[in-house]
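Reading the structure
If you want the building blocks of each chain, they are given just below.
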Amino acid sequence: MKISLNWLKSYLNIDISIDELQHLLTDIGLEVESIEPFESIKGGLKGLVVGHVVEREKHADADKLSVCKVDVGSETLQIVCGAPNVAAGQKVIVAQVGTKVFPLSGGAFEIKRAKIRGVESAGMICAEDEIGLGTSHDGILILENNTQVGTLAADLFEVENDHVIEIGLTPNRTDAFSHIGVARDLAAALTFRKKQDFTLQLPRCATLGKEKNTEFTVTVENTKACPKYYGVIINNIKVEASPIWLKNRLKTIGVKPINNIVDITNFVLHEYGQPLHAFDLSAIKGNGIIVKNVAAKTKFIALDNTEIALDEEDLMICDSEGNSMCIAGVYGGANSGVKNDTTAIFLESAYFDPKTIRRTSTRHGLRTDAATHFEKGIDPNISERALLRAVHLISEIANSEVASEIYTIENKTFEHFPVSLTYDNVKRLTGADISRDDINKILSLLEIKIQKANDEQADLLVPPYRTDVTREADVIEDILRIYGFNNIVIPKKINASISFSSAFDSHKLYNQTADALVNFGFFEMMNNSITKSKYQEKLTQQSPENWVRLLSSINAELDVLRNNMLFTGLESVAHNINHKNTNVKLFEFGKTYSKAPSDDINTSNYTEINHLSIFVSGNKSAANWNTVAKKTDFYYIKSIVDSILSKIGISAFDSYDNDASEIFQYALSYKKGEKKLVEFGKIHSTYTKLFDIKQDVFFIDFNWDRITQLARKNNVSYSEIPKYPSIKRDLALLLDKKIKFDEVKAIATKFGKKILRNIELFDIYEDEKIGKENKSYAVSFTFRDDTKTLQDTDIESIMKKLIQEYQTQLNAVIR
């Protein structure tokens, strides 16, 4: 939010340095992000003065040049001028030697004493585009004859030097979303801290009654979306350019001046935080206004001449014949706005329901200043005053006359709301020893009324524009803002006690895993949980009924919450590859979302699942002078999976499954019971092509909720280093291709007794020589007894049993 310092000072008489103001605003919760100087005309017209052309003669050596004698008050200068319209007796703008000139186009340059075709020239007579006053370069700028010679151009053209304060306004501070709102907060802080009376000086407003003109009617049909509506008719308006002071106010905060009527509505918006809208009275058919909803798919031509298909929830401002003129609180129409030939207007000021405005604004992607204010929540009791302020300005600036009293429709009253404050809680929560008198004074400065109080507590009434103050803690925070966070005395002694907790720390698990991945060379990413339904449509194994769709979105394509981690991750992979980072190692902790359909339209069982997703593409290690770059393969990502699980303490699995889901070309998954813990493999090219990725991408997807559950049950145990050696035996098994290693391992585990410590598959061989339907597994068995040294006879009995079971159960042939 941009605030003009000069504008701010029109409501608050302050004389403090810009640095002090910056620190004060930040201290009261209005964080200053930047302060920039502002000049309404670049360069501020410094060094430019009004001159009088005393003489003008043609240059002896140039037909198009003139030699002029120009009186600038302090001296008479000889200036060579090339303008065709220069003449004796004119009042002009003169740039003297040493002046820096800022033209509209091109860079700034300094005026120097020079000889032009042999004639000395000590300055320049200026055209309007040469000093930033206009766009014309047809000739020099000629002033009124009664203009005083020697007058500074900066004074003549009311150049304003200002400072633009950029405030990083938090969403909860809607009360400070205007110049008066900021001034109100400043007045409270300055009055309390400096022990002086800094009274907020509110601007002048018109005074009107509330009787309606029966010839023109205003009706509000949807009173929930529009609890308050005010309007007034103003005639004999002359639409023209705004006065310089008004233009400067708007330009300071980055608003482009348009005409006096539109500029006044924008001025009041940034003054009070109340959006207004002016309708051309001649465009209102049927002599009346109706605030209502229209049928879905109704076409509306907006201010920029685009056609919008309306939703049935969109609140519209219509004329009495039902023609839509404006999307209430969001965007004006093409035919009802103020035009250059407008002579009468209906000026609107209303309080619209924030949720309604928010949904309409996001639904149609219309992010206007008005919508931003309404959806955050404006002061519901300021609408009438803001209207009267605009009426006053229009009457002064546009020489108009008010043709009606205020049309007033109030279907809801917004009263102060109660909050109780216990005085002792102020110190308990803040550590600041603030006296009861100071607390009461701060509350008064914040316009929070004390309805009833005793020594222990106070019953307060908070104004409705303070939407962020709803609890005692909010009130205490407000008290502390004005008292000053920096005024809290930091204790020299800190008391602490050491506590032991055996509770499982899921955040610690997250950090340990993230640190491990970073040590492996990975980078953490954070993707949007909102994705495109056109991606999820590619997954045939998932039903659209289970998608969590957004009711409204700024981006029409981003319309669902992701039900998998694949596509948002591939977007990041593609982004890296497109920026020449082809060796990608990324991981993300995130959620997926789904719902179970219900017969009740208002009820669905929503599910959120935490995941750890890992993406690897390109080389797994960079090339060096003594190493060759190696491409990522399946075994590399398997080592990552095993390392993570081992670090967490999960090593034993009930089953392995190499049946790839539809997103993988090939994959492996680890399971506990029937629950899948992790799935990893090479992503099918069908999905990488969606993002124009031409290299292999490997994907690991942990169900982090299940991993966390197992980690909770995992009790770390320690054992001494084995005293006795282990013995290894190898088997080569000729098996049917349909048999999985998981079955081989299960038999070994069952009959290996207590001395079988590990079983590994170290080779797979397939060839037509052993049969197209067969494969050969090379399996290694590790045995160890912790009580004695094993003998060959101990091993042989087990190996014979295993061979027998493999032959019986798996029809294996021992090679």
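Below is a short write-up of the structure. (Residues numbered from 1 in each chain as written. Predicted model: local features only at pLDDT ≥ 70, side-chain atom pairs only at ≥ 80, totals over all residues. Heavy atoms only, no water.)

Looking now at the packing of aromatic side chains. One pass over the structure, following the stated rule, counts 22 aromatic pairs. Residues Phe589 and Trp704 carry aromatic rings whose centres are separated by 5.2 Å and whose planes lie at 75° to one another, so their mutual orientation is edge-to-face. Placement of Phe589 in strand 33 (residues 584-596) and of Trp704 in helix 18 (residues 704-713) is noted, with a sequence separation of 115 residues between them. Assigned by exposure class, Phe589 and Trp704 land together as buried. Seen in terms of ring centroids, Phe664 and Phe699 are 6.0 Å apart; in terms of plane orientation they differ by 25°. Their pairing is stacked. Taken as a pair, Phe664 in strand 38 (residues 664-672) and Phe699 in strand 40 (residues 697-703) lie far apart in primary sequence, 35 residues in all. Using a relative accessible area of 3% as the deciding quantity, one classes Phe664 as buried. Classification of Phe699 as buried rests on a relative accessible area of 1%. (Phe/Tyr/Trp six-rings, centres within 6.5 Å; stacked < 30°, edge-to-face > 60°. Helix = DSSP H or I, 4+ residues; strand = E, 2+ residues; numbered from the N terminus. Buried < 20%, exposed > 50% of the residue type's maximum accessible area, 1.4 Å probe, protein only.)

Spatially, five strands are ordered 14-17-20-21-22 in an open sheet, and the strand pairing comes out mixed. On the outer flanks of this sheet lie strand 14 (217-220) and strand 22 (331-332), each paired with one strand and no other. Note that strand 20 (residues 315-319) and strand 21 (residues 324-327) share three bridges and pair antiparallel. For Cys318, the partnering residue across the bridge sits in strand 21 and is Ser324. (Pairing = 2+ DSSP bridges.)

Spatially, 30-32-31 is the arrangement adopted by the three strands of the open sheet, whose pairing is antiparallel. Looking at the sheet topology across the chains shown, the edges are occupied by strand 30 (530-532) and strand 31 (548-549). With three bridges joining them, strand 30 and strand 32 (residues 558-561) adopt antiparallel strand pairing. Residue pairing in the sheet places Ile530 in a bridge with Leu561 of strand 32.

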